[in-house]
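One-letter residues, chain by chain:
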Amino acid sequence: MLGPKSILITTPDYPPKKGGLSTYTLNIENTLNEMGYSCDRLVWKSTKELLNTRFEKKYDLMLHIHYMAGFFLQKYGHKHINFLHGSEIMFTSKNIVNRLLKKMMKRRMLSYLEASYLNVFISQFTLHNIAEIGLKLDYGRDIVLHNCIDLYSKEMVKKAYPQDNWKLVCIARDVPHKNLDGVLEFAHWLGEVSKRQVTVWMNAKRIMKSTWVTVRSLPLLDDSSRDEFYKKVHFNLLFSLDHRDKGFYEGFGLTPLEAAQWGTPSLVFNTGGLPESVHHDFNGWVFKKMDKQQVRIFVSHLRPEIYEKWSNNAYHHSWQSHGLDQYKKFLKRVL
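On a predicted model such as this, the values are computed, not experimentally measured, just so you know. (Residues numbered from 1 in each chain as written. Predicted model: local features only at pLDDT ≥ 70, side-chain atom pairs only at ≥ 80, totals over all residues. Heavy atoms only, no water.)

Kindly report on the sheet that holds strand E12 (residues 284-287), identifying the contributing residues and their values.
The six strands are arranged E9-E8-E7-E10-E11-E12 in an open sheet whose pairing can be described as parallel. Looking along the sheet, the strands with just one partner apiece sit at the ends: strand E9 (213-217) and E12. Here the strands of the sheet are splayed against their neighbours by 20 degrees on average, with no regard to which way each runs. The pairing of strand E11 (residues 266-269) with E12 spans four bridges and is parallel. The partner of serine 266 across the bridge, within E12, is glycine 284. This element, helix H7 (residues 223-232), spans strand E7 (165-170), strand E8 (197-202) and strand E10 (235-238) of the sheet and lies at about 145 degrees to E7. (Pairing = 2+ DSSP bridges. Helix = DSSP H or I, 4+ residues; strand = E, 2+ residues; numbered from the N terminus. Axes fitted to C-alpha atoms, helices over the stretch in contact; angles between N-to-C directions. Contact = heavy atoms within 4.5 Å.)

In structure tokens:
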């Protein structure tokens, strides 16, 4: 077979651990295997572990789901491809010692990226953000490949426009930049403006005093259970905030793709790479801010035919632009 004879994938996260990097790693790995390439895998937990890692050979190609592994393992690969998602490029940390270390290593890490074979950014926002931080862009080396997911066995699920109860879901970690309080604020305004009841499922414990809103906590979900929620709700919500000053933002947004594979549109904020995941008034709605007036504009615009359009667009756009065949096209050119 033409192409590299030895390939290594490095990642800090891998199933059964949940999360975006785990999913991303598995999708890249499965795509390579489907193309007939075998690859080794290194799952690392700390920079100390990377410093102590040794290989007896030099790999033709190293694919780094988090660029940190490439930085510490430079001499073990002929070509390095780094996948860059979002917050990991901010060179900051809540821990003051880690923050100082990252600032000290910043220029060396940027130099590593500038010397790499390819840097693959999950969104234009992340690409532009790291350029502002100091990376000298080279468009022969620095490219954008939006997030993709496995769409096998997924199907369009028709949903009736709600007459009496909005059903919403937000599957996100309970951390400040994910803005779960903003989800509840939206649910309240949606109920008050539309004069309909709202049920919102979220994987965090919240109590809300609102005559319009019922909050239900999600249990720990496996993929099948998660998909059942996406099938039955009217909207997926991801109102992440721009906390780049603290080292966090939404690089692209995985849950809009996970919801769209069942025809469920998403509502998001205009932050990070979210507008590249959800296209305004096409497969969902992008809010510039959250207040009663913005929700009133949203509700007045939304009609049964508009909702049906968003739902259909969400499903078909995922198949056209965000299936794993996009990774296959990319990897064919690289390999």
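Give a detailed account of helix H12 (residues 325-334), specifying residues and quantitative values.
Along H12, the residues classified as buried are Gln326, Tyr327, Phe330, Leu331 and Val334. Projection of H12 onto a plane perpendicular to its axis shows the buried side chains occupying an angular sector of 125 degrees, all on one side. Turned more than 90 degrees away from the buried face of H12, the exposed residues are Lys332 and Arg333. (Buried < 20%, exposed > 50% of the residue type's maximum accessible area, 1.4 Å probe, protein only. Arc of directions from axis to C-beta.)

Residues and numbers for empty space enclosed by the protein, please.
Counted by the stated rule, this structure contains one cavity of 30 Å³ or more. Empty space within the largest cavity amounts to approximately 60 Å³. Looking at the largest cavity, the residues that line it are Pro256, Leu257, Ala260, Thr264, Ser266, Ser277, Val278, Asn283, Ala314, His317, Ser318 and His322. Looking at the lining of the largest cavity, the elements with two or more residues in it are helix H8 (255-260) and helix H11 (304-321). (1 Å grid on protein atoms, 1.4 Å probe; cavity = no way out; pocket = protein on both sides within 12 Å on 5 of 7 lines; lining within 4 Å. Points joined across faces, edges and corners; volume = space filled by probe spheres on them.)

Can you explain the side chain of glutamate 250? Please cite residues and give values.
Structurally, glutamate 250 is set in the loop between E10 and H8. Classification of glutamate 250 by relative accessible area gives buried; the value is 10%. Here glutamate 250 is in contact with Lys178, Leu238, Ser240, Thr271, Gly272, Gly273 and Leu274, once residues within four sequence places are set aside.

How would you summarise the pattern of salt bridges if you had to cite specific residues and measurements?
Evaluation of the coordinates by the stated rule reveals 19 salt bridges. Note that arginine 141 and aspartate 142 form a salt bridge whose closest N and O atoms lie 2.7 Å from each other. Across this residue pair, the class does not change: arginine 141 and aspartate 142 are buried. Linking glutamate 258 and arginine 226 is a salt bridge whose minimum nitrogen-to-oxygen distance equals 3.2 Å. Pair noted here: glutamate 258 is in helix H8 and arginine 226 is in helix H7, with a separation of 32 residues, a long-range link. Classification of arginine 226 as buried rests on a relative accessible area of 15%. Members of the salt-bridge network, linked through shared partners, are Lys18, Asp223, Arg226, Asp227 and Glu258. (Salt bridge = Lys/Arg side-chain N within 4 Å of Asp/Glu carboxyl O.)

Let's hear about the packing of aromatic side chains: which residues, and what values?
Enumeration according to the criterion identifies 27 aromatic pairs in this entry. When the centroid spacing of 6.4 Å and the interplanar angle of 65 degrees are considered together, the rings of tyrosine 67 and phenylalanine 91 count as edge-to-face. A residue pair is termed long-range when its members are at least 10 positions apart, and tyrosine 67 in helix H3 (residues 67-72) and phenylalanine 91 in the loop between strand E4 (77-84) and helix H4 (96-115) qualify at 24 residues. Accessibility assignment for this pair places tyrosine 67 and phenylalanine 91 in one class, buried. An angle of 85 degrees between the planes, with centres 5.0 Å apart, marks the rings of phenylalanine 71 and phenylalanine 72 as edge-to-face. A cation over an aromatic ring shows up here: lysine 79 above the ring of tyrosine 117, its NZ or CZ 4.5 Å from the ring centre. If you follow lysine 231 out to its NZ or CZ, it ends over the ring of tryptophan 262, 4.4 Å from the centre. (Phe/Tyr/Trp six-rings, centres within 6.5 Å; stacked < 30°, edge-to-face > 60°. Lys NZ or Arg CZ within 6 Å of the ring centre and 35° of its normal.)

Any functional reading would require information beyond the geometric quantities listed.
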